[in-house]
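# A closer look at the structure
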Amino acid sequence: MSVAGVIVDDRGQALLIKRRDNGHWEPPGGVVEAGETLLDALQREVLEETGIKIALPATLTGVYKNMTGLIVSLVFRCEMADGTPTTGPETRALRWVTREEVAGLADEAYAIRVQDALDAMSPPAVRAHDGVKLI
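Residues numbered from 1 in each chain as written. Predicted model: local features only at pLDDT ≥ 70, side-chain atom pairs only at ≥ 80, totals over all residues. Heavy atoms only, no water.

## Let's talk about the pattern of salt bridges
For the coordinates displayed, the defined rule picks out nine salt bridges. Ionic pairing is found between Asp21 and Arg19, a salt bridge with its closest N-O pair at 2.5 Å. Residue Asp21 is classed as exposed on the basis of its relative accessible area of 56%. For Asp116, the salt bridge goes to Arg127, with nearest N and O atoms at 2.8 Å. In this pair, Asp116 sits in helix α3 (residues 108-119) while Arg127 sits in strand β10 (residues 125-129), placing the two residues 11 residues apart along the sequence. By relative accessible area, Arg127 is classed as partly exposed at 27%. Where salt bridges share partners, they join Glu33, Glu36, Arg44, Glu45 and Glu48 into one cluster. (Salt bridge = Lys/Arg side-chain N within 4 Å of Asp/Glu carboxyl O. Buried < 20%, exposed > 50% of the residue type's maximum accessible area, 1.4 Å probe, protein only. Helix = DSSP H or I, 4+ residues; strand = E, 2+ residues; numbered from the N terminus.)

Shown next as structure tokens:
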């Protein structure tokens, strides 16, 4: 299981990270560790990858299943509580993007997560993908 946080600023833009391992643009996030709650994992992953502490509670905006990798990811819309966006060991770059810009930067399977979070759908979206494209 993994979690990701779509941090939204007061202009309605979302913060993406460019991963060091594969160069892809994605919302910050990662695997939930044993003994960790989902929100603890979300806070830890976002802080590690962006230098930002998020406000809790965060709003669940989507559930995404990678049918190839058999991974389920929960995506939350988040607000910044403290910190300054900065790169780290897992992050090559950071960029604030609009709903339209994310489609040109991220693979479809990740762009839709950001777009769903920006739309703040209720109930949360439930989608399947192959790691790149929606299916």
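So that's the structure; there's more coming.
## With respect to the pairing of strand β1 (residues 2-7)
Taken residue by residue, a regular strand's side chains alternate between the two faces of the sheet. The element β1 is extensively covered by neighbouring structure, given that six of its six residues are classed as buried. Along β1, one buried face is formed by Ser2, Ala4 and Val6 and the opposite face, lined by Val3, Gly5 and Ile7, is buried too. By the bridge criterion, three bridges tie β1 to strand β4 (residues 29-31) in an arrangement that is antiparallel. Each residue of the ladder has a partner; that of Ala4, found in β4, is Gly29. As judged from the six bridges shared by β1 and strand β7 (residues 71-78), these two strands associate in the parallel manner. (Pairing = 2+ DSSP bridges.)

## Quick word on the sheet that holds strand β2 (residues 14-19)
Ordered in space as β3-β2-β9, the three strands form an open sheet in which the pairing is antiparallel. Single-partner strands in this sheet number two, and they are β3 (25-26) and β9 (91-97). Bridge count for β2 against β3 is two bridges, and the pairing is antiparallel. Of the residues in β3, the one forming a bridge with Lys18 is Trp25.

## Concerning the sheet that holds β1
Taken in spatial order, the five strands line up as β4-β1-β7-β6-β10 in an open sheet, and their pairing is mixed. Edge positions in the sheet fall to β4 and β10, since each of these pairs with one other strand and no more. Between one strand and the next, the sheet's axes are offset by a mean angle of 20°, whatever the strand orientation. Note that strand β6 (residues 59-66) and β10 share five bridges and pair parallel. The partner of Tyr64 across the bridge, within β10, is Arg127. (Axes fitted to C-alpha atoms, helices over the stretch in contact; angles between N-to-C directions.)

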